[in-house]
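Summary of the model geometry
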Amino acid sequence: MRELPFIHSLHRPQDSDGSTLMLLHGTGGSETDLMPLAARIAPRAQLLGLRGRSNDEGVARFFRRLSMDRFDQDDIRTEAAAFDEFWLGAMDRYDLDPARVTVLGYSNGANFAAAVMALHPTLIRRAILLRPMLALQDPPLVDLSKVRVLGLQGARDPYGVHAPALQDWLVRTGAKARMQRVDAGHELSAQDLRLAADWLG
């Protein structure tokens, strides 16, 4: 489906409970990458997967990377604005309840979700961030006091050294953030699935 700003895929289970998981893949992923995981986390949720529009070294991302821990700030802002447009259009087109949408992001997708919360703070109300870090430089101190966030960081993740900055920023915004370490690296594990399902339930 290409009419909205992001290529995307929507899956509706026959016994949908009206909730939605909006899925943001990691580097090199696609709009369907996280669907098997998401279906296990929330079997009755609608799954709306997006494909990142930035092409970085031939793979899809939600914004360009300049180095391992430096990111194209203009690209982040441009893509966050496109996500704002997509969100509003998708809520209307697919008759989604924004109060029942949880964004599930992994790696680059998790970092993008955090940037969207900073730049468009009225959109995302719940987020599960898998292996996140703060990609936006000098993020504004917006009011996220009504936002719930679960962050899951791998104990052996080489990017984990950058995670505390995101946690500190979430605390300062007033978000109800729960950040946990799991016994994994940057890859996902069964523990991620269990903790995400418990938190969502």
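Look up a bit, the structure's there.
Parameters and conventions
Residues numbered from 1 in each chain as written. Predicted model: local features only at pLDDT ≥ 70, side-chain atom pairs only at ≥ 80, totals over all residues. Heavy atoms only, no water. Helix = DSSP H or I, 4+ residues; strand = E, 2+ residues; numbered from the N terminus. Buried < 20%, exposed > 50% of the residue type's maximum accessible area, 1.4 Å probe, protein only. Contact = heavy atoms within 4.5 Å. Salt bridge = Lys/Arg side-chain N within 4 Å of Asp/Glu carboxyl O. Polar contact = N/O pair within 3.5 Å; in protein donor to acceptor, adjacent residues only side chain to side chain. Pairing = 2+ DSSP bridges. Axes fitted to C-alpha atoms, helices over the stretch in contact; angles between N-to-C directions.

What follows deals with the environment of A175. With respect to the helices and strands, the residue A175 is situated in the loop between α4 (163-173) and β11 (176-182). Judged by its relative accessible area of 11%, A175 falls in the buried class. In this structure the C-alpha to C-alpha distance between A175 and L144, which are 31 residues apart in sequence, comes to 4.7 Å. The contact partners of A175, leaving out residues within four places of it in the chain, are L144, S145, V147 and L170.

Once that is clear, we can look at the pattern of salt bridges. Two side chains with opposite charge may pair up if their charged atoms get near one another. According to the stated counting rule, one finds eight salt bridges in the structure shown. When the shortest N-O distance is used, the salt bridge between R131 and D192 registers 2.8 Å. Residue R131 is found in the loop between β9 (126-130) and β10 (148-154), and its partner D192 is found in helix α5 (residues 190-200); the two are separated by 61 residues along the sequence. When sorted by exposure, R131 lands in the same class as D192, which is buried. One network of salt bridges, in which partners are shared, links R64, D72 and D75.

Within the chain, R131 stands out as a residue other than glycine whose phi angle is a positive 60°. Of note, D138 is a non-glycine position whose phi angle comes to about 50°, a positive value. On the basis of relative accessible area, D138 is assigned to the exposed category, the value being 73%.

Following the sequence through the fold, R100 ends up in the loop between α2 (73-93) and β8 (101-106). By relative accessible area, R100 is classed as partly exposed at 34%. Each C-alpha atom of the pair R100 and G52 lies 23 Å from the other, and the pair is 48 residues apart in sequence. Filtering out sequence-adjacent residues up to four positions away, R100 remains in contact with D17, G18, S19, T20 and R126.

Below, the discussion takes up the side chain of H8. For H8, the position within the fold is in strand β1 (residues 8-11). You can call H8 buried: its relative accessible area is 3%. In this structure the side chain of H8 is engaged in a polar contact, spanning 2.7 Å, whose partner is the backbone oxygen of F6. At 2.7 Å, the side chain of H8 and the side chain of Y94 are in polar contact.

The subject of this paragraph is the sheet that holds strand β3 (residues 46-50). Within a beta sheet, neighbouring strands are joined by backbone hydrogen bonds and run either parallel or antiparallel to one another. Strand order in the open sheet formed by seven strands is β1-β3-β2-β8-β9-β10-β11, and the pairing between neighbours is mixed. The open sheet terminates on both sides in strands that have one partner only, identified here as β1 and β11. When the angles between neighbouring strand axes are averaged without regard to direction, this sheet yields 15°. Where β10 and β11 come together, seven bridges link them in parallel fashion. Across the sheet, residue G151 finds its bridge partner in β11, namely M179. Together, β9, β10 and β11 form the strand contacts of α4, whose direction differs from that of β11 by roughly 160°.

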